Amino acid sequence: MTPFPVNTAGTPRHVAIIMDGNGRWARSRMLPRTEGHRQGVNSARMAVRYCAEQGVRVLTLFAFSSENWRRPRQEVGTLMDLFIGSIGREVPELVEKGIRLRFIGDRAAFSSKLQKRMADAEERTRENQRMDLVVAVSYGGRWDIAHAAAAVAERVRCGELDPEHITPEVMEAHLSTAGLPEPDLFVRTGGEQRISNFLLWQLAYTELFFTDVLWPDFKEEELGRAFEYYAGRQRRFGHIQEQIAGRE
Ligand code: IPE
Ligand code: IPE
Ligand code: MG
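Given the structure is predicted, the values throughout are model-derived calculations rather than measurements.

Rules behind the numbers
Residues numbered from 1 in each chain as written. Chains lettered and ligands numbered in written order. Predicted model: local features only at pLDDT ≥ 70, side-chain atom pairs only at ≥ 80, totals over all residues. Heavy atoms only, no water. Near = heavy atom within 4 Å. Polar contact = N/O pair within 3.5 Å; in protein donor to acceptor, adjacent residues only side chain to side chain. Areas by Shrake-Rupley, 256 points an atom, 1.4 Å probe, with all protein chains shown as cover. Helix = DSSP H or I, 4+ residues; strand = E, 2+ residues; numbered from the N terminus. Nonpolar A, V, L, I, M, F, W, Y, C, P; charged D, E, K, R; others polar. Core = buried A, V, L, I, M, F, W, Y, C linked by side-chain atoms within 4.5 Å. Buried < 20%, exposed > 50% of the residue type's maximum accessible area, 1.4 Å probe, protein only. Contact = heavy atoms within 4.5 Å. UniProt positions renumbered as here; feature names shortened; annotations may be inferred.

1. Some remarks on the site of ligand 1
Taken together, 13 residues lie around ligand 1, and D20, G23, R24, R33 and R71 are the ones closest in. A distance of 2.7 Å is found between an oxygen atom of ligand 1 and a side-chain nitrogen or oxygen belonging to R71. In the complex, 88% of the free accessible area of ligand 1, which totals 380 Å², lies under the protein chains. Those elements that place two or more of their residues in the shell around ligand 1 are α1 (22-27), α2 (33-54) and α3 (73-97). With three residues, the top contributor of residues to the shell around ligand 1 is α1. Among the residues forming the shell around ligand 1, the class breakdown is three nonpolar, five polar and five charged.

2. Considerations on the nonpolar core
For soluble globular proteins, nonpolar side chains are generally found buried alongside one another. Counting residues in hydrophobic clusters, the biggest one holds 41 residues, and the most contacted among them are I17, L59, F103, L133 and L223. Sequence-distant contacts of L59, defined by excluding residues within four places in its chain, comprise V15, I17, A47, V48, C51, M131, D132, L133 and V134. If you look at the next biggest cluster of nonpolar residues, it comprises 13 residues, including V134, A136, L199 and L203.

3. What to know about the UniProt feature "active site" (unreviewed entry) in the chain
The UniProt entry lists D20 and N68 under the feature "active site" (unreviewed entry), expressed in the numbering used here. Across 49 residues of sequence, these annotated residues stay compact in space, with a maximum C-alpha separation of 12.0 Å. Judged by its relative accessible area of 17%, D20 falls in the buried class. What D20 contacts, discounting residues up to four positions off in sequence, is R188, T189, G190, E192, L214 and W215.

See below:
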C-alpha cells in the first residue's frame, strides 16, 4: 500500500466510511433502533453511487464491527437479515455498474450459508473494474493486524521468511486490504470522533472528516462536503511544506 503520491489530491482514490448514528436516528423518532438500520441501507446505496460517479477507486464501508456482536441479540439478528437481504438485492446493480465487491472481516463468525453467499457475491462481481466496494463485517482493526501477524509467523515457521525481513510492506501484504491503496479520506457520521477499531493500520496517513449528521440523514450534499474538505488538504507524509510545493 503506497500512499497516493500527490499533495492536494482532488478526488480521493480510497474513501473509508464509518456509518454511525442509525440507532439515535431511530430513537429520536420514537422508532426501534432496527428501523434506523433499515433506513441506513439507503445512505449506503447513495454513497456507492456517489463515489462511483466521482471516480473513486475504492469505497470501504464499516457495516458491523467485531465488537457489535455484543449488542442485544435481536438487533444483531436484524442487522444480519439486512445484510443477507442486501447482498441478494444489490449484486445485480453492482454488476451493472461495474463494481467489484469484497468483504473483509472474520468470516468464520458467520454461518456457512452466509459465508457462501458472500463468496458467491464476490465471485459474481469479480471481473468488474470501475470501483471496488469493500464491506467490513465482523471486522476489527486489531483482528486484522493479529491475523496478518499470524500469517507472517506461519511463513517464518515454514522457513520461507526471515524475521529480519518483516517490514511494514510484508505486514501489509497479509492484511485483509492487501492490494488496495490506503484510504485517502475517512468519514465518520453520527458525531463521535473515534476510530472504533476500524482500519487501524491503514488509516496512518488518512485525512479524517467527522460529521454530526446521523447516517440515515447522510445525503450527497454532506458527502460532497467531505470531498471538498479532502481536496483542500495538503498531504505531506512527513515532508515539509516547501518540499511538497517544489514538486508541483
Ligand atoms: C451504526 O449505527 C450501525 C452499526 C454499528 C451496525 P449505530 O447502531 O451504532 O447507531 P448509534 O450510534 O447507536 O446511534
Ligand atoms: C462503529 O460504530 C461500527 C460501525 C459503524 C459498524 P459503533 O457504534 O459500534 O461504535 P462505538 O461503539 O460507538 O465506538
Ligand atoms: Mg454507533
